[in-house]
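Analysis of the macromolecular model
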Amino acid sequence: MFTEMMETLRRPDVKPKLWMADCELILGTKENLDQCIDECINAPLKAYGLDLETTGLDQRVFDGRTRDTIVGVCLAPTKDKGYYFPVGHQEGAEHNIPWRIMGTALERLLDLSVESSPVFHNAGFDQEFLEFNGFKERLGEARWDSRKGWHDTLILRYLLNPRDKGGRGLKHLSNVLLGREMIELGDLMPNAPDKNYSKLDPSWEPCVLYASADAMNTLGIWEVLYNEYVETPQHSALIYTLERGCLLATRFMHRNRVYIDRETALTYSQQGQKLWFESLVEVLDGASELLGRNVTPNYIKILKGELKGDNKFDPMEVEGMSYKVRVDEARKEASRLYVEDKTVVV
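These notes cover the structure that comes with them. As the structure is a prediction and not an experimental result, all values here were calculated from the model.

**Observations concerning helix α11 (residues 262–291)**
- Along its 30 residues, α11 runs 43 Å from first to last C-alpha, staying within 8% of the 44 Å computed at 1.5 Å per residue.
- Here α11 has its buried residues at F277, L280, V281, L284 and S288.
- Turning to α11, the residues buried within the fold contact α12 (298–304) and α13 (323–337).
- Note on α11: the residue one or two positions beyond its end, G292, has a positive phi of about 75°.

**What to know about the packing of aromatic side chains**
- Tallied over the full model, the rule gives 9 aromatic pairs.
- Here Y83 and F85 contribute two aromatic rings whose centre-to-centre distance is 5.8 Å and whose plane-to-plane angle is 10°, an arrangement assigned as stacked. No difference in accessibility class separates Y83 from F85, as the two residues are buried.
- Between Y84 and Y197, the aromatic rings sit 6.1 Å apart at their centres with planes inclined by 90°, giving edge-to-face as the arrangement. Here the residue Y84 occupies a position in strand β6 (residues 81–86), and Y197 occupies one in the loop between α8 (185–188) and α9 (205–231), the gap between them amounting to 113 residues.
- Residue Y84 is classed as buried on the basis of its relative accessible area, which comes to 0%.
- Among the aromatic side chains, those forming a connected cluster through ring pairs are W222, Y226, Y229 and Y240.

**Quick notes on the side chain of D58**
- Take D58: it is sitting in the loop between β2 (47–54) and β3 (61–62).
- In terms of polar contacts, D58 uses its side chain to reach the side chain of R60, at 2.7 Å.
- With near-sequence residues (within four places) excluded, D58 lies in contact with T66, R67, D68 and F129.

**A short note on the environment of G124**
- With respect to the helices and strands, G124 occurs in helix α4 (residues 123–131).
- With a relative accessible area of 7%, G124 lands in the buried category.
- Distance from G124 to Q270, taken between C-alpha atoms, is 33 Å for residues 146 residues apart in sequence.

**Structural notes on a nonpolar patch on the surface**
- A cluster of nonpolar side chains, L238, I239 and L242, forms an exposed patch at the surface whose accessible area comes to about 280 Å².
- Checked against the element boundaries, L238 lands in helix α10 (residues 237–255).

**With respect to unusual backbone geometry**
- We note that K46 has phi near 60°; this positive angle belongs to a residue other than glycine.
- Along the chain, the position of K46 falls in the loop between α2 (33–41) and β2.
- The backbone phi angle of D63 is positive, close to 55°, even though this residue is not glycine.

**Here we look at the packing of helix α7 (residues 170–178) against α9**
- Following both chains from N to C, one finds α7 and α9 inclined at 55°, their axes separated by 9 Å at the closest point. Regarding the angle of α7 to α9, the classification is oblique. Like other packed secondary-structure pairs, α7 and α9 cross with a definite hand, here left-handed. Residue-level inspection shows L170, K171, L173, S174, L177 and L178 of α7 in contact with α9, the latter providing Y210, D214, N217, T218, G220, I221, V224 and L225.
- The class makeup of the residues in the contact of α7 with α9 is 8 nonpolar, 4 polar and 2 charged.

The rules behind each value
- Residues numbered from 1 in each chain as written.
- Predicted model: local features only at pLDDT ≥ 70, side-chain atom pairs only at ≥ 80, totals over all residues.
- Heavy atoms only, no water.
- Helix = DSSP H or I, 4+ residues; strand = E, 2+ residues; numbered from the N terminus.
- Expected span 1.5 Å × (residues − 1).
- Buried < 20%, exposed > 50% of the residue type's maximum accessible area, 1.4 Å probe, protein only.
- Contact = heavy atoms within 4.5 Å.
- Phe/Tyr/Trp six-rings, centres within 6.5 Å; stacked < 30°, edge-to-face > 60°.
- Polar contact = N/O pair within 3.5 Å; in protein donor to acceptor, adjacent residues only side chain to side chain.
- Patch = residues over 30% accessible without salt bridge, like charges linked within 9 Å, V, L, I, M, F, W, Y side chains within 5 Å.
- Areas by Shrake-Rupley, 256 points an atom, 1.4 Å probe, with all protein chains shown as cover.
- Salt bridge = Lys/Arg side-chain N within 4 Å of Asp/Glu carboxyl O.
- Axes fitted to C-alpha atoms, helices over the stretch in contact; angles between N-to-C directions.
- Parallel < 35°, antiparallel > 145°, perpendicular 65-115°, else oblique.
- Left-handed = near helix turned anticlockwise from the far one by under 90°.
- Nonpolar A, V, L, I, M, F, W, Y, C, P; charged D, E, K, R; others polar.

Put into structure tokens, the structure is as follows:
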């Protein structure tokens, strides 16, 4: 009892957003799982929102599973009703649904015979975690490969405005297109360095509000963007299908990329930086000789040891300090200690 009271006191005070009062945001359980799956299969839009919460963003696949893992599954049969099914929470683990149950339910939902389609925001992320979950082998693979059996609001947003480099995030689009401000992960875990969702207790209401809203708003965004896409003459179903096919190919390439030895890559990078620095010094020395005056910037002189800085700089051998950091620190020292110098900076 005392421990639970202290945990409650430590939690941030996160309030539901006003729009949530008109919606159903539900903690998923073994008892309501089949109901949710049936609602998604019979969704009125023939589409349902699907989103995942994970321990992190590392979706690299080793030995048949992603490096980070699924914490919970968010499903939304409508934009006003969403479920959050915990499967891998460290805190409140008693609420987790075993994968043998959750995986079987998802297999039924993702079967190609089901007409209703999942809607993702950044399908490349969620599909990789689902397919290589480590419990149910190749979950959803046949549906992903069909290219037409799923939707991605991130792709639709890009196709509608390829030149728009920003504003494609789920929370931004929810606010702009639906008028729904969302709870931020930082609101739930303000002091956590890694933002690992498994460290939240899923029975804590804000945890459910945050997660289930992702799937609900993904579906709502899809309804807006897809209608806009199909109603615009210059857009075609073929291009959208091709983009989904390209995503599958991109996932395959990422999964089969050749990993390099980090220490070797770092050594080669440092050697390249050293050669670049020596070449830069050679160019500046040659320019100074031709012009009859020293045009070497003071930060370079500090790095070379020709001027005294607050720190002892060896441009390529300062342990634990990257080249960029060394240059930035040398620039700061040059500005601070030699402010009267008017040498042109290269």
